[in-house]
Amino acid sequence: MIELAAQNNLRDSAPLAERMRPKTIEEFVGQEAVLGEGKLLRRMILADRLSSVVLFGPPGSGKTTLAMIIANTTKSEFIRLNAVTSGVADIKEVIKKATDNLGMYSKRTIVFIDEIHRFNKAQQDALLPAVENGTIILIGATTENPYFEINSALISRSTVFELTRLTEENIRLIVKRAIKDEAKGLGKFPIKITKEAINHWANVANGDSRTALNALELAFLTGKRDEEGAIIIDLACAEECIQKRAVVYDKNGSSHYDTISAFIKSLRGSSPDGALYYLAKMLYSGEDPKFIARRMVIFASEDISNADPRALEVAINVFRAVEIIGLPECAINLAHGVTYLASAPKSNASCMALYAAQSDIEKKPTAEIPNHLKNAVYKAQREAGIGKGYLYPHDFEGHFVPQEYMPIGMEGTVYYHPTEMGYEKSLKEYLDDIKKRV
């Protein structure tokens, strides 16, 4: 009786994020890719036919919540372990209990292991036989890539479900639900909250519902009241409660395009300081780092090109690093690339050459390819003179021989005008030298 009262008191005094944790799959918000109507994980939970699974995703995406929903819906024994505090002895004890459940009561046992990636090899190996023979059904939760951090034998006997960061709309819905819910949330209290405050939390929470709910709870506990006694939560209060200032940056509006424009123009103008400022602004405002990295890859060819051919390598490597590392650490990779691209010599010669060639293709009649450049595959083609007269450059001194490569009627047309910037100066000198031989 005392234990039950203690549990009830703990539940009632628990943080808002814990009280608002969904109890049923219908209450769960987000993760439609794995939990939408007809999806495998949803069917497994509703039918209580779960097999061993690994839930992989960032903090606040719902891994533990899903495990608790399973605990509330299953008829199986549900045991929770934490990889930080549990050892091999705890695992063996759980397996013994699961064996007894199966043998004496024909009852399955589901074992939920939070932060399973923290188990060492010996601990993971201790789980393997029981998972393999079905004595236990494993639910592992991890923020790390399971294919790197979890025993491959254990992974091969489990279904991996990847959860993604909740969307801003998901976070807004969760916050609004907590404000209205009278049983578990703050619905019994008069609260006046602005749209800007909710949007700020949805943006800054970066897909972590717990972060947004913690900010709401802090605002509720510390917010000012108006004459009617209602708690006022405006943007200033929202900023203070999540310890992050709002920046004017609408990801789908003019501020988004103005900022990325200023970023690119700073790179083009060889201002690493300006580019770093706009990079920091975009990251602070929750911009997708892959969007920034993609623009850097384009910039490397459009504005630097052959003035420094390594720029494209740097930009592509930064993009790959962003994909592999993710935020917040990938900000360092972006800064590395930004400072290199901004400091590199600039040339748009190859880009402008392409535009000129495209313009000719669009505006002029299609010019015929000279016979000596055509591909002669069949004997009849060769007999008709196709391919005849082509000079193979590697057969000549300096691996160059003068011959016409432009289509008929466009002889002598020049698109590429290399500059004297950086490495492109060497290309210009080479092309100028071979032109003298023509």
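What you see is a predicted model, and the numbers here were worked out from it, not measured in a lab.

About the criteria used
- Residues numbered from 1 in each chain as written.
- Predicted model: local features only at pLDDT ≥ 70, side-chain atom pairs only at ≥ 80, totals over all residues.
- Heavy atoms only, no water.
- Helix = DSSP H or I, 4+ residues; strand = E, 2+ residues; numbered from the N terminus.
- Contact = heavy atoms within 4.5 Å.
- Pairing = 2+ DSSP bridges.
- Axes fitted to C-alpha atoms, helices over the stretch in contact; angles between N-to-C directions.
- Patch = residues over 30% accessible without salt bridge, like charges linked within 9 Å, V, L, I, M, F, W, Y side chains within 5 Å.
- Areas by Shrake-Rupley, 256 points an atom, 1.4 Å probe, with all protein chains shown as cover.
- Salt bridge = Lys/Arg side-chain N within 4 Å of Asp/Glu carboxyl O.
- Buried < 20%, exposed > 50% of the residue type's maximum accessible area, 1.4 Å probe, protein only.
- pLDDT = per-residue confidence, 0-100.
- Expected span 1.5 Å × (residues − 1).
- Arc of directions from axis to C-beta.
- Parallel < 35°, antiparallel > 145°, perpendicular 65-115°, else oblique.
- Left-handed = near helix turned anticlockwise from the far one by under 90°.
- Core = buried A, V, L, I, M, F, W, Y, C linked by side-chain atoms within 4.5 Å.
- Lys, Arg positive; Asp, Glu negative; His and termini not counted.
- Polar contact = N/O pair within 3.5 Å; in protein donor to acceptor, adjacent residues only side chain to side chain.

J.: Just checking my understanding: could you explain the environment of Val54 for this structure?
T.: If you trace the backbone, Val54 turns up in strand β1 (residues 53-56). Distance in space between the C-alpha atoms of Val54 and Ala141 is 5.9 Å, their sequence separation being 87 residues. Excluding residues within four positions of it along the chain, Val54 makes contact with Gly140, Thr142, Pro146, Ile150, Ile155, Ser158, Thr159, Val160 and Phe161.

J.: How should the sheet that holds β1 be read in this particular structure?
T.: Each strand in a sheet pairs with its neighbour through backbone hydrogen bonds, running either in the same direction (parallel) or in the opposite one (antiparallel). Reading across the sheet, the five strands line up as β2-β3-β4-β1-β5 and stay open at both edges, with parallel pairing between neighbours. Across the chains shown, the open sheet's two edge strands, defined by having one partner strand only, are β2 (77-82) and β5 (159-162). The mean inter-strand angle of the sheet, taken between neighbouring strand axes irrespective of direction, is 15°. Pairing between β1 and β5: four bridges, direction parallel. Among the inter-strand pairings, Leu55 is bridged to a residue of β5, identified as Phe161. Of the strands in this sheet, β1, β2, β3 (109-114) and β4 (137-142) are in contact with helix α5 (residues 63-73), which crosses β2 at around 155°.

J.: What is the right way to look at a nonpolar patch on the surface in this model?
T.: Where nonpolar side chains cluster on the molecular surface, the patch consists of Met352, Leu354 and Tyr355 and spans about 300 Å² of accessible area. For Tyr355, the location among the structural elements is in helix α19 (residues 349-363).

J.: Would you explain the sheet that holds strand β6 (residues 191-193) in this entry?
T.: Strand order across the open sheet formed by three strands is β6-β8-β7, with mixed pairing between neighbours. The open sheet terminates on both sides in strands that have one partner only, identified here as β6 and β7 (224-225).

J.: Just checking my understanding: could you explain the pattern of salt bridges for this structure?
T.: Any two side chains of opposite charge can pair, given that their charged atoms come close. Summed over all chains, the structure comprises 22 salt bridges. In this structure, Arg172 and Glu168 form a salt bridge, with 3.8 Å as the shortest nitrogen-oxygen distance. One end of the pair, Arg172, and the other, Glu168, are both in helix α10 (residues 168-180), four residues apart, so they sit about a helical turn from each other. For Arg172, a relative accessible area of 18% corresponds to the buried category. Taking the relative accessible area as the measure of exposure, Glu168 reaches 25% and is therefore partly exposed.

J.: Would you explain the side chain of Ser86 in this entry?
T.: Examined against the element boundaries, Ser86 turns out to sit in the loop between β2 and α6 (88-105). With residues up to four places along the chain from it excluded, the contact list for Ser86 reads Leu81, Phe119 and Gln123.

J.: Help me out: how do you make sense of the confidence of the model for the chain in this one?
T.: Low-pLDDT stretches of the model should not have their predicted coordinates read in fine detail. Confidence in the prediction of the chain, expressed as mean pLDDT, is 86, and 94% of residues score 70 or more. The low-confidence segment residues 1-11, where pLDDT is below 50, has one contact with residues more than four positions distant or belonging to other chains.

J.: Teacher, can you tell me more about helix α15 (residues 272-284) here?
T.: Each full turn of the α-helix corresponds to 3.6 residues, which orients residues three or four apart in the same direction. The end-to-end C-alpha distance of α15, which contains 13 residues, comes to 18 Å, matching closely the 18 Å that a straight helix rising 1.5 Å per residue would cover. Those residues of α15 that fall on the buried side of the exposure criterion are Gly274, Ala275, Leu279, Met282 and Leu283. In an axial view of α15, the angular spread of the buried residues amounts to 165°, which keeps them on one side of the axis. Exposed and facing more than 90 degrees away from the buried side of α15 are Asp273 and Tyr277. Where α15 ends, the next residue or the one after it, Gly286, has phi of about 90°, a positive value.

J.: Would you mind showing me how to read the environment of Thr194 here?
T.: Inspection of the secondary structure assignment puts Thr194 in the loop between β6 and α11 (195-204). The exposure class of Thr194 is partly exposed, given its relative accessible area of 27%. Taking the C-alpha atoms as reference, Thr194 lies 57 Å from His417; in sequence the two are 223 residues apart. Each residue touching Thr194, except ones within four places of it in the same chain, is listed here: Ile233, Asp234 and Leu235.

J.: So what exactly am I meant to see when it comes to the packing of helix α16 (residues 289-304) against helix α18 (residues 330-343) here?
T.: For any two helices packed against each other, one specifies the inter-axial angle together with the distance between the axes. Viewed as axis vectors pointing N to C, α16 and α18 meet at an angle of 15°, and their least axial separation amounts to 11 Å. Considering the angle they form, α16 stands roughly parallel to α18. Pair α16 / α18 crosses with left-handed handedness. Across from Pro289, Ile292, Ala293, Met296, Phe299, Ala300 and Ile304 in α16, the residues of α18 making contact are Cys330, Leu334, Gly337, Val338 and Leu341.

J.: Where do I start with the nonpolar core in this structure?
T.: General note: in soluble globular proteins, nonpolar side chains tend to be found buried as a group. Within the largest apolar cluster, 30 residues are counted, with the highest numbers of intra-cluster contacts made by Leu16, Ile171, Val175, Trp201, Leu213, Leu216 and Ile233. When residues of this core are traced back to their parent elements, those giving at least two are α2 (16-19), α10, α11, α12 (209-222), β8 (231-233) and α13 (235-242). It is α12 that provides the largest number of residues to this core, a total of six residues.

J.: Can you help me understand the pairing of β3 in this one?
T.: β3 sits mainly inside the fold: six of its six residues count as buried. In β3, alternate side chains face the same way, and those of Thr109, Val111 and Ile113 on one face and Ile110, Phe112 and Asp114 on the other are all buried. Relative to β3, β2 runs parallel, the two sharing six bridges. Paired with Leu81 across the two strands is Ile113, which belongs to β3.

J.: Just checking my understanding: could you explain the side chain of Glu424 for this structure?
T.: Relative to the assigned elements, Glu424 resides in helix α21 (residues 424-435). It is Lys428 that comes nearest to the buried, bridge-free Glu424 among opposite-charge side chains, at 10 Å. A polar atom in the side chain of Glu424 sits 2.8 Å from the side chain of Thr419. In this structure, Glu424 is in contact with Asn306, Ala307, Ser347, Ala349, Tyr416, Pro418 and Thr419, ignoring residues within four places of it in sequence.

J.: Would you mind going over helix α17 (residues 310-325) with me for this structure?
T.: An ideal rise of 1.5 Å per residue puts 22 Å on 16 residues; α17 measures up with 22 Å between its terminal C-alpha atoms. Regarding α17, the residues found buried are Ala311, Val314, Ala315, Val318, Phe319, Ala321 and Val322. Taken end-on, α17 shows its buried residues confined to a sector of 160°, consistent with a single buried face. Projecting away from the buried face of α17 at angles above 90 degrees are the exposed residues Arg310, Glu313 and Ile324. In this structure, the buried residues of α17 make contact with α16 and α18.

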